[in-house]
Amino acid sequence: MTKTRKKLIHLIVGARPNFMKMAPLYKQLKKENEIFEPVLIHTGQHYDERMSKLFFVDLGMPEPSAYLDVGSGTHGAQTARIIQRYEEHILSRIKPHLVIVAGDVNSTIACALVAKKLHIPVAHLEAGLRSFDEKMPEEINRVLTDRISDLLLTPSRDADENLLKEGVDPQKIHFVGNIMIDSLIEHKEKAKESQILTRFDIKEAEPYALVTLHRPSNVDEKEGLIMLLDAFAEIGKQNKLIFPMHPRTKNNIQRYLLSDKLKQIPNLHISEPIGYLDFMKLQMDAKLILTDSGGIQEESTYFGVPCLTLRKNTERPITIWEGTNKLVSLDSKSIVEQVYLVLQGEVAKGKIPQYWDGNTAQRITALIRDWFEAESDV
Ligand code: UD1
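All chains use their own residue numbering, which begins from 1 and follows the written sequence. Given that this is a predicted model, residues contribute local features only at a pLDDT of at least 70 and side-chain atom pairs are listed and counted only at 80 or more, while totals for whole chains, interfaces and linings are drawn from all residues. Side-chain calculation: all heavy atoms of the structure are included, whereas hydrogens and water are not.

Chemist: An account of the pattern of salt bridges is needed here, citing residue identities and associated values.
Modeler: The term salt bridge refers to a side-chain nitrogen of Lys or Arg lying within 4 Å of a carboxyl oxygen of Asp or Glu. In the structure shown here, the tally under the stated rule is 27 salt bridges. E206 serves as the salt-bridge partner of K240, at 3.5 Å between the closest nitrogen and oxygen. Of this pair, K240 sits in the loop between α10 (222-236) and β9 (241-244) while E206 is found in the loop between α8 (196-199) and β8 (209-212), placing the two residues 34 residues apart along the sequence. Exposed residues in this analysis have more than 50% of their type's maximum accessible area, buried residues have under 20%, and partly exposed residues fall in between, with area computed by a 1.4 Å probe over protein chains only. Since its relative accessible area comes to 24%, E206 is described here as partly exposed. One network of salt bridges, in which partners are shared, links K21, D104, E126, E139, R142, E298, R311, E315 and R316. A helix here means a DSSP run of H or I that spans at least four residues, while a strand means a run of E at least two residues long, and both kinds are numbered starting from the N terminus.

Chemist: Which residues make up the domain arrangement of the protein, and what values do they have?
Modeler: The parts lose accessible area when they come together, and the size of an interface is often stated as this lost area. Residue ranges labeled as domains rest on an automatic or database domain assignment. According to the domain assignment, the protein contains domain 1 (7-177 + 356-377) and domain 2 (192-343). In this structure, domain 1 and domain 2 have C-alpha centres spaced 28 Å apart. In this analysis, two residues are considered to be in contact whenever any of their non-hydrogen atoms come within 4.5 Å of each other. Contact with domain 1, which involves 22 residues of that partner, is made by 21 residues of domain 2. Both faces considered, domain 1 and domain 2 share a buried interface measuring about 1,900 Å² in area, 59% of it formed by carbon and sulfur atoms. Simply put, the buried area is the total loss of 1.4 Å probe accessible area from both parts when two parts are fitted together. Of all residues in domain 1, the largest losses of buried area upon contact with domain 2 belong to R50, D58 and W356, amounting jointly to 32% of the total for that side.

Chemist: Could you give an account of the site of the ligand, naming the residues involved and the relevant values?
Modeler: Contacts to the ligand come from 18 residues, most closely from Q45, H46, E138, H214 and R248. In protein, a polar contact means a hydrogen-donor-capable atom and an acceptor-capable atom, both N or O and within 3.5 Å, with residues adjacent in sequence counting only if both atoms are side-chain atoms; elsewhere, any N or O pair within 3.5 Å suffices. Measuring from an oxygen atom of the ligand, one finds a side-chain N or O atom of Q45 at 2.8 Å. Within the side chain of R248, one N or O atom sits 2.7 Å away from an oxygen atom of the ligand. In isolation the ligand has 750 Å² of accessible area, and contact with the protein removes 88% of it. Put simply, the parts of the chain that give the shell around the ligand at least two residues each are α3 (75-91) and α11 (247-255). For the shell around the ligand, the leading source of residues is α11, giving three residues. Charged residues are taken to be Asp, Glu, Lys and Arg, nonpolar residues to be Ala, Val, Leu, Ile, Met, Phe, Trp, Tyr, Cys and Pro, and polar residues to be all remaining types, Gly included. A breakdown of the residues in the shell around the ligand according to their chemical character gives five nonpolar, nine polar and four charged. We define proximity as follows: a residue is near a molecule or strand when any one of its heavy atoms falls within 4 Å of that partner. To be clear on the numbers: accessible area is Shrake-Rupley with a 1.4 Å probe, and residue cover counts the displayed protein chains and nothing else.

Chemist: I'd like a rundown of the environment of I109, residues and numbers included.
Modeler: Along the chain, I109 turns up in helix α4 (residues 106-117). Along the backbone, I109 and F55 are 54 residues apart, and their C-alpha atoms lie at a distance of 22 Å. I109 has contacts with N141, L144 and T145, leaving out every residue within four places of it along the chain.

Chemist: Talk me through α4; I want residue IDs and the actual numbers.
Modeler: Here, expected helix span is obtained from the residue count minus one, scaled by 1.5 Å. Across its 12 residues, α4 extends 17 Å between first and last C-alpha, which sits within 8% of the 16 Å expected from 1.5 Å per residue. For α4, the buried fraction is high: nine of the 12 residues fall into the buried class. Structurally, α4 contributes buried residues whose contacts are with β1 (7-13), α3, β4 (98-102), β5 (122-125) and α5 (137-148). Directly after α4, the chain includes H119, whose backbone phi takes a positive value near 60 degrees.

Chemist: Quick one: what's the story with the packing of aromatic side chains, residue by residue and with numbers?
Modeler: Any pair of aromatic rings gets described here by the distance separating the centres and the angle formed by the planes. Planes of paired rings set the category: under 30 degrees apart is stacked, over 60 is edge-to-face and the rest tilted, where pairs are Phe, Tyr or Trp rings (Trp by its six-membered ring) whose centres lie within 6.5 Å. In the structure shown here, the tally under the stated rule is seven aromatic pairs. Look at F36 and F372: their rings are 6.4 Å apart centre to centre, the planes differ by 45 degrees, and that puts the pair in the tilted class. Separated by 336 residues along the polypeptide, F36 in strand β2 (residues 36-42) and F372 in helix α17 (residues 360-377) bring together distant segments of the chain. The exposure class assigned to F36 is buried, which follows from its relative accessible area of 1%. Since its relative accessible area comes to 5%, F372 is described here as buried. Between F175 and Y355, the ring centres sit 5.0 Å apart and the planes meet at 25 degrees, which makes this aromatic pair stacked. A residue pair is termed long-range when its members are at least 10 positions apart, and F175 in strand β7 (residues 173-175) and Y355 in the loop between α16 (332-343) and α17 qualify at 180 residues. The partly exposed category is assigned to Y355, whose relative accessible area is 32%.

Chemist: Explain the packing of α10 against α16 to me, and be specific about the residues and the numbers.
Modeler: Following both chains from N to C, one finds α10 and α16 inclined at 35 degrees, their axes separated by 8 Å at the closest point. Viewed along their axes, α10 and α16 form a crossing whose handedness is right-handed. Here α10 contributes M227, L228, D230, A231, E234 and I235 to the contact with α16, which in turn contributes S332, I335, V336, V339 and Y340. In terms of residue class, the contact of α10 with α16 is built from eight nonpolar, one polar and two charged. In this description, a line fitted to the C-alpha atoms serves as the axis of each element, helices being fitted only across the stretch in contact, and the angle between N-to-C directions of two axes falls anywhere from 0 to 180 degrees. Crossing handedness follows the turn of the near helix against the far one: under a right angle anticlockwise gives a left-handed crossing, and clockwise gives a right-handed one.

Written as structure tokens, this is what we have:
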């Protein structure tokens, strides 16, 4: 490769689901350190020890080179702070050759926008996913990030099709696979040794359902939260429920004075947010998972664990077509019915989708190398 200096690459992380996507790519780029200089930039969108630091430790990532400390706020305030601070950061230092953003959080679009306006190419990891629901902030972040990205790195073929239908230049689209699965494969043996089950007093082979909830559409309105707690109360009559609670959900339960209602749910075990390895262990051993997360739909498909997604739609339909995922109507009767169907053995067998194989970071690194080479030939 003809080069004057190493290719400086910013890898942006901000919120919990970014860390397991960037860790394998950071490590892979670092292996080729005669060509690349990868640098981790943390916006600080998630800042609690249990939402951020713990993941760096579990994933074996170094401290980020820069921490922008943006914290929480309304979408406008948070996004604006990220834009302002990341722009200041770039302008006060050497300009990177490429900025890589992941997923669909506010840090993703904010940093993509800054880079693009400074004429720095942008690569989007997990491009092309669509829920077609513009009420979700993530959908807006995805569509806009894809629109301005130069390299669209997709996790599954349906994402390529979405982008092609939107008129994206096919040369920008690269089906590289699911990078989150790289992290999962790298860490799953270690996760098996986690002692988290004893913390929840779960005996060997004892069945339990794992629950996570954090979507604004599920937890920001009182009625919706009550409906979900009613469903859990019914399911809890006969099943153990493990529920590591997201701060958004915890705050809203307190705000709507639902703490007593929560405490009355039988067999419900609530905890603070849980680290990467412990949570992987909880997923692997669960009888079933109830979630509104994006990443957990994918991880449960990999593990072959039945997943009931508490949402009207999913941007990850491949987990339904090929995996173990199912959408459930958002009323307590349907949720309870679906849970009992799964417990009676009515579950899709599922298979692991193409390129969810642990080699996505390698494919991306090779692609970026070729892309820089082609650029320098122009
Ligand atoms: C964000 C992402 C969402 C992702 C989720 C994973 C956006 C628009 N949303 O949602 O796509 O699925 O992360 O967790 O980017 N809080 C804390 N400690 C923290 C972080 C947040 O207590 O470390 C609380 C604050 O009260 C904050 C609230 O959680 O206001 C929501 O945080 P925020 O980053 O705005 O969105 P998430 O719901 O976490």
